[in-house]
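Single-letter residue listing:
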Amino acid sequence: MEELISVRNVSKSFSSRFVLKGINLEVRKGEIFGLLGLNGAGKTTLIKIILKFLRPDKGMVMWKDSLLTDAIIRDKIGYLPENFFPPSQLKAIELLEGLASTCTSTLPPSQLLKMVGLEKETGRYLGFYSRGMMQRFGVALCLLKDPEVVIMDEPTLGLDIRGQRQMFDLMASLKDKGKTIIFSSHILSQVQTIADVISIVNRGRVSFGGKIEELLNLHSTKVFEEAFLKEIEKQ
Amino acid sequence: MKKILSLSVLGLKQVRRQKLFVAMVFFFILYLGFCLFLGKLSVAHADKVLRDTGLMGIEISLVILSIFGLSLDFARERSTHTLDIYLLHLGRSAYLATKMLSYILASCLYLVISGLALSIFLLLYRSFTPAIFGALYSLLLKITLVIAFTSLFAVVFSSPLLAMSATLFIYIGAELLPSAWEIMSRTPNVYERGVIYTIYAIFPNFSRLDFRYLAVWGNFPSGTQIVQVTIYTLAYLVCVYLLNTIVLGKKEL
């Protein structure tokens, strides 16, 4: 599979405290890439570096064979931030239509809302949406420009069991449509069912990168949580 | 440009639906009652007092709306990550332009509403003069600069409280500096005079922008005055905007 995004030797520190140290990882086209790690491991920092919200102290992020630029990010990457709360004074359709005017190619907003199961809520103010509805709306925003890559930072954070299931079903359907998905999560059981490849970030380094079966074999166990914990405690 | 305009209209909708906007409209209506009281106190010059205090009320409420609204809006967008979404679609400089234009449009809307209310009020008390429209235009120019500074400080400081304080400092400074310069221009100390003049020249020159005193006496500004203050405001706005794009461009979010 073609390599879409590659992070090469990226390091980042905040006031002389290292958050990321020489991170390397590759995301291939069409795969669901799970970024795992404990709280404060550096997952969100890494995502923000990929999206150029933060500048790395060292290293670079590549798109195929060239440097990842602002224009590529604007055209090819959709993003669902952690703890996303859309502006409460706007209606879903208003925000989607407004942002659609900024994109070169877009999916119709009404079609997007139908895709995420919000077609009956188009006229409602976003402030009245439940947490799950907001996350699904965030996914619709992600897909507005019909991106090649969708990055989701903790997409199931704050969702109940049904909301989590809906979110992972949505991710699976995006994969079927040929999208590449990068997501960070804490819920290992669900990561196991959906991720093709994972990277475990621990204390600012990638301690494991590969398929889940490889991690299980490495630690001679069939339980993902156990393998994950062993990997984390290894360092 | 089309995307900036389209999102600015969306931003205007958002500002219009905020409680602060509605609160300022109600504040102004109540304030007109206070104007009436002051008009009654000043028997001989009631018409001038009504015009002056009415226009002052519009300015105060607009300053509150733009400084508090924009600073809190920017902080809210950061904490809810809506900023990330906007930046990903627009880029940093276009985002800033959108934000500023949204608030300039909201100020226009507020000026129309409050200007109409003031006109009706002045008509009722036989104090109306079309010259107040000149004053409302100059008010829009002043507020445009206040909005530019608010967005600059909202980007510079992470805390909305600091952003509001810094903008209020600029606003009050710009209002008071002409008097300070008037006093200090007579001092024999060249160094002190130079310092005050430099600050006076750097700060926005609100005293020259303001046509309120002309409107109070029922006078219109001349065409040249209008052109000059418009060019001055646009040039100043571009400078602050460029400075702001540099700051936001370097800022890690």
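Note that the structure is predicted; figures quoted are calculated from it, not measured.

Some points on the sheet that holds strand 10 (residues 205-210) of chain A
Residue and element names in this part refer to chain A. Spatial strand order, 6-7-8-3-9-10: six strands in an open sheet with mixed pairing. Each edge of the open sheet is held by one strand with a lone partner, namely strand 6 (77-80) and strand 10. Taking each pair of neighbouring strands and ignoring which way they run, the sheet shows an average axis angle of 15°. Relative to strand 6, helix 5 (residues 131-143) is tilted by about 165°, and along the sheet it contacts strand 6 and strand 7 (149-153).

Some points on the sheet that holds strand 2 (residues 17-28) of chain A
Residue and element names in this part refer to chain A. Overall, antiparallel pairing links the four strands, which are arranged 2-1-4-5 in an open sheet. Where the open sheet ends on each side, the last strands, each with one partner, are strand 2 and strand 5 (66-67). Two elements, strand 1 (residues 3-14) and strand 4 (residues 58-63), share five bridges in a ladder whose sense is antiparallel. Across the sheet, Ser6 pairs through a bridge with Met62, a residue of strand 4. Here helix 1 (residues 43-50) sits on the sheet and contacts strand 1, strand 2 and strand 4; the angle it forms with strand 1, its principal contact strand, is near 120°.

Regarding the packing of aromatic side chains
Enumeration according to the criterion identifies 20 aromatic pairs over all chains in this entry. The ring centre of Phe85 of chain A lies 4.3 Å from the NZ or CZ of Arg131 of chain A, which sits over that ring.

So, the nonpolar core
Counting 100 residues, the largest nonpolar core has Ile5, Phe137, Phe183 and Ile198 of chain A as its most contacted members. Broken down by element, the residue count for this core peaks at eight residues, all from helix 5 of chain A.

Some remarks on the pairing of strand 8 (residues 180-185) of chain A
Where a strand is regular, its side chains alternate between the two sheet faces. Residues and elements named next belong to chain A. Extensive coverage of strand 8 is indicated by the burial of six of its six residues. Covered by surrounding structure in strand 8 are Thr180, Ile182 and Ser184 together with Ile181, Phe183 and Ser185, the residues of both alternating faces. Pairing analysis gives five bridges linking strand 3 (residues 32-36) to strand 8, with the strands arranged parallel. In the sheet register, Gly34 faces strand 8, and the bridge partner there is Phe183. Pairing between strand 7 and strand 8: five bridges, direction parallel. Residue Asp153 lies in a different strand from strand 8, and its bridge partner there is Ser184. For the segment spanning strand 7, helix 6 (residues 161-176) and strand 8, crossover handedness is right-handed.

Quick word on helix 7 (residues 160-184) of chain B
Residue and element names in this part refer to chain B. With 25 residues, helix 7 extends 34 Å from end C-alpha to end C-alpha; this agrees with the ideal 36 Å at 1.5 Å per step. If you look at helix 7, its biggest bend is around 40°, right at Leu176, and the proline Pro178 turns up within four residues after that. Residues of helix 7 that are buried include every one of Ala163, Met164, Ala166, Thr167, Ile170, Tyr171, Gly173, Ala174, Leu177, Pro178 and Trp181, and no others.

A short note on the interface of chain B and chain A
With 26 residues of chain B at the contact, the number on the chain A side is 34 residues. Summed over both sides, the interface between chain B and chain A buries roughly 2600 Å², with carbon and sulfur atoms accounting for 58% of that surface. For the interface between chain B and chain A, the tally reads three salt bridges. A salt bridge links Lys12 of chain A to Glu252 of chain B; the nearest nitrogen and oxygen atoms lie 2.7 Å apart. Seen at the junction of chain B and chain A, the total is 12 residue pairs in polar contact (both at pLDDT 80 or more). Counting residues per element, the ones that place at least two in the side of chain B that touches chain A are helix 1 (2-16), helix 4 (82-90) and helix 11 (223-250) of chain B. Element by element, the count of residues in the side of chain B that touches chain A is highest for helix 4 of chain B, at eight residues. Along the lines of polarity and charge, the residues of the side of chain B that touches chain A split into eight nonpolar, nine polar and nine charged.

Focus: empty space enclosed by the protein
Residue and element names in this part refer to chain B. Per the counting criterion, the structure on display carries three cavities of 30 Å³ or more. Each pocket or cavity is described by its volume, and for the largest cavity that value is around 80 Å³. If you go around the largest cavity, the residues you meet are Leu7, Leu10, Gly11, Gln14, Glu77, Tyr86, Leu90, Tyr95, Thr98, Lys99 and Ser102. If you list the elements that add at least two residues to the lining of the largest cavity, you get helix 1, helix 4 and helix 5 (92-124). Within this model, the second largest cavity holds a volume of roughly 40 Å³. If you trace the second largest cavity, you find it lined by Ser71, Phe74, Ala75, Ala154, Phe157, Ser158, Ser159, Pro160 and Ala163. Listing elements by their share of the lining of the second largest cavity, those giving two or more residues are helix 3 (46-79) and helix 7. In terms of residues, the lining of the second largest cavity owes the most to one element, helix 3, which gives three residues.

Conventions we followed
Residues numbered from 1 in each chain as written. Chains lettered and ligands numbered in written order. Predicted model: local features only at pLDDT ≥ 70, side-chain atom pairs only at ≥ 80, totals over all residues. Heavy atoms only, no water. Pairing = 2+ DSSP bridges. Helix = DSSP H or I, 4+ residues; strand = E, 2+ residues; numbered from the N terminus. Axes fitted to C-alpha atoms, helices over the stretch in contact; angles between N-to-C directions. Contact = heavy atoms within 4.5 Å. Phe/Tyr/Trp six-rings, centres within 6.5 Å; stacked < 30°, edge-to-face > 60°. Lys NZ or Arg CZ within 6 Å of the ring centre and 35° of its normal. Core = buried A, V, L, I, M, F, W, Y, C linked by side-chain atoms within 4.5 Å. Buried < 20%, exposed > 50% of the residue type's maximum accessible area, 1.4 Å probe, protein only. Right-handed = clockwise from strand over helix to strand, strands pointing away. Expected span 1.5 Å × (residues − 1). Bend = angle between axes of the 7 residues up to and from the residue. Buried area = accessible area lost by both parts, 1.4 Å probe. Salt bridge = Lys/Arg side-chain N within 4 Å of Asp/Glu carboxyl O. Polar contact = N/O pair within 3.5 Å; in protein donor to acceptor, adjacent residues only side chain to side chain. Nonpolar A, V, L, I, M, F, W, Y, C, P; charged D, E, K, R; others polar. 1 Å grid on protein atoms, 1.4 Å probe; cavity = no way out; pocket = protein on both sides within 12 Å on 5 of 7 lines; lining within 4 Å. Points joined across faces, edges and corners; volume = space filled by probe spheres on them.

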